[in-house]
Amino acid sequence: MVAFGKKLKERQLEEWQGYYINYKLMKKKVKQYAQQMEVGTQDRRHVLKDFSRMLDNQIEKIVLFLLEQQGLLASRIAKLDERLDALQEEPEISQITELREAYRAAGQDLLRLLYFVEINAIGLRKILKKFDKRFGYRFTDYYVKTRANHPYSQLQQVFKHVGIGAVVGAISRNLHELQDRQGRSYLSIYDQPVIPLQDPVVDSIKAAVDRLSNSTNFLNFLAQHALIMREELPAPIEEQVDDSNYHFMSLILNLANTFLYMVNTYIVVPTADDYSMSLGAAATVCGIVIGAMAVAQVFSSVYFSAWSNRSYFKPLIFSSVALFLGNTLYALAYDLQSLWVLLIGRLCCGLGSARAVNRRYISDCVPLKIRMQASAGFVSASALGMACGPALAGLLQTKFKIYKLTFNQNTLPGWVMAVAWLIYLIWLCISFREPPRENEENAPQESNQVQNDTLENGLHQPLLITSLEKPSDEDDDPEVDDSEEAPEESRLPVTSFGAAYRLLTPSVKVQLLIYFMLKYAMEVLLSESSVVTTYYFRWSTSSVAIFLACLGLTVLPVNIFVGSYISNMFEDRQILLVSEILVLIGILLSFNVIIPYSVVQYVGSGLIMFVSAEVLEGVNLALLSRVMSSRLSRGTYNGGLLSTEAGTIARVIADGTITLAGYLGRNMLLNVTLIPSLVICIVSIVSTCYTYNSLY
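Residues numbered from 1 in each chain as written. Predicted model: local features only at pLDDT ≥ 70, side-chain atom pairs only at ≥ 80, totals over all residues. Heavy atoms only, no water.

Some points on helix 15 (residues 355–365)
Definition in use: Here's how the labels work: a residue is buried when its accessible area is under 20% of the maximum for its type, exposed when over 50%, partly exposed in between, all with a 1.4 Å probe on protein chains only. A helix here means a DSSP run of H or I that spans at least four residues, while a strand means a run of E at least two residues long, and both kinds are numbered starting from the N terminus.
Burial analysis of helix 15 places 11 of its 11 residues in the buried class, the great majority of the element. Restricting attention to buried positions, one finds in helix 15 the residues Arg 355, Ala 356, Val 357, Asn 358, Arg 359, Arg 360, Tyr 361, Ile 362, Ser 363, Asp 364 and Cys 365.

So this is what it looks like as structure tokens:
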């Protein structure tokens, strides 16, 4: 991969070259400081003072140029406003069209200015990170805290960009006046706050401002759960992605596949134990029945990820057919009285897991300006599917026969999902449009992933680079010169799990361990819920379904709360550690050490564990999307596949543990299955603390 400094220079606008942050100079200065401190000719206090002064000078250069350009834009817009006022009395179509294009041209220049600010902010963030890493000192925290709220701070100009906001408002308002009725509209933009201005320039400006602000809100927080990897630098204005490949109905079908698959996964949980017993097996065999789908998904994720390099339509067709057949076999197992048919049906369902295709479609075929919303939609569809699955199972409490086929609470989930996948398959064949694309495996090209994390959250967390930042490629090695280019192979996607594993830094491995832990704990809680509640509380299938549906319904409200409030008040690593501790508390409270075991204890501890795990998953994936190497942003063995495999393997082991623990008796099931969760959780907490301490 080309080193960051060289990429930064290539992305700069030529006519503004002298006003960008001098990243290469500061990098050499950091190296020089290190050499001087090694020989004892420089002390740390002098280094900090000198480097702070250099940063202040660089930021002042940027800000003064920014203010100058804002003034030129403001003067230009003021003259256009005068022309607009003159047209109010006698509007002429030709002059209105000309004026609209003039405003759009001003908008294009504003986009260039926003891109200028963004590039400089990324360079500033990177050099602060490099300084911290080289000297083992949290200089970033000191620098930001001393400048964030100071009345003379230049740093605020870069990250609050109030002047730019005023220019954005002026262009948007006047374009709105010129849009409807050729300037004869009686309504202003303020009278219709919920109706967006349909203009490509304004849309691009809004996307650029959102990217620059990168505010920690619910939509951003939720979108990061999709773990769609991002590129280090945003694309220049002239390199914006062509939106012609985007097809709205294809995106809806992609999200529908995600929703139906999650419904399919969890619709059998309330009845899996009863179904196993009706076929002559123990109730705890439900672990194998539920986990068979995850076993197949371990393998299906790989071939679907590879298949998505060439096509999206064909993998989705295969997914639908496999899930239709799998659910049909699952339903027929009851009349055939065959546990093997039941398991084969669940394996077929797992072989139809197209989540890798769903994620890849969003990253490759959805325009940048709505990719964040699409990513949030992917996560929301998964969460709703998780809640709807058990709820739907709770409604299927009936029994009847048609010819020799039995329809009851055990078989109806299979029949309902088979019909749903058949309808989806027909809809897919009619409405899906295969986008034209190049083979990503054979060309070293830049990723077109949306750059949502290029800047920190305004001045809530301005430039507070945690230890869980995007790991270094060549640029983080202080000895690498930005003028040199690494071998061509380093730009290509990795071609094996081994190559991907070698790119994982210690912090990434800890993040994957945390993901494994939370998926294991959640799977144990969900999969054994029917057996445990039947044994201790004599719950019916409907009661279990209501409990699981309520757990699933907490996902979106919890993410709204965390994304809108908690993430604004605390750093991600703090939320991460607290969430791990709460998961640990939930596990400890779940143990059956008090006789009798009460519903309040089980439901309360399960709620603590599940909600904490949901918070942990959101923060963990948000961090993971930043710490993974950019080489894992595309190709078959990408970051999304690695996280999916970690979570799926955790589910497989958890479901296997439930079945093995069943041999000890249902009275031992709860405590025996919680012990591995407890151990893994403690290990993840220790690993998290150790990693942070070693990096700071």
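Re the side chain of Glu 523
Our working definition: Residue contacts are defined here by distance: any two heavy atoms, one from each residue, within 4.5 Å place the two residues in contact.
Locating Glu 523 in the fold gives a position in helix 19 (residues 506–527). Residue class for Glu 523 comes out buried when judged on its relative accessible area of 3%. If we ignore the near neighbours within four places in the chain, the residues touching Glu 523 are Tyr 266, Ile 290, Glu 528, Arg 651, Ala 654, Asp 655 and Ile 658.

Points about helix 17 (residues 412–431)
Along an α-helix, residues three or four apart share an orientation, since each turn contains 3.6 residues. Defined as follows: Multiplying 1.5 Å by the helix residue count minus one yields the expected span of that helix.
If you check helix 17, its first and last C-alpha atoms are 28 Å apart, about what 20 residues at 1.5 Å a residue would give, namely 28 Å. Contact partners of the buried residues in helix 17: helix 10 (248–266), helix 13 (313–336) and strand 2 (405–407).

Regarding the side chain of Ser 530
Spelled out, the test is: Counting of polar contacts relies on pairs of N or O atoms within 3.5 Å, with two restrictions inside protein: one atom must be capable of donating a hydrogen and the other of accepting it, and residues adjacent in sequence are counted only when both atoms are side-chain atoms.
Among the secondary structure elements, Ser 530 is positioned in helix 20 (residues 529–537). Looking at Ser 530, the relative accessible area reads 2%, which means it is buried. A polar atom in the side chain of Ser 530 sits 3.1 Å from the backbone oxygen of Pro 270. There is a polar contact of 2.9 Å between the side chain of Ser 530 and the side chain of Asp 273. When sequence neighbours within four positions are dropped, the list of residues in contact with Ser 530 reads Val 269, Pro 270, Asp 273 and Val 544.

With respect to the packing of aromatic side chains
Note the threshold: Here a pair means two rings of Phe, Tyr or Trp (six-membered ring of Trp) with centres within 6.5 Å. Their orientation is stacked below 30 degrees between planes, edge-to-face above 60, and tilted elsewhere.
A full pass over the atoms with the stated rule returns 31 aromatic pairs. Note on Tyr 33 and Phe 51: the rings are 6.2 Å apart at their centroids and 85° apart in plane angle, and the pair reads as edge-to-face. One end of the pair, Tyr 33, is in helix 2 (residues 23–39); the other, Phe 51, is in helix 3 (residues 44–89), and 18 residues separate them in sequence. Pair check on accessibility: Tyr 33 and Phe 51 agree, each one buried. Members of the aromatic cluster, each reached through a chain of ring pairs, are Tyr 535, Tyr 536, Phe 537, Trp 539, Phe 547, Tyr 597 and Tyr 602.

These values are about where atoms sit, not about what they do.
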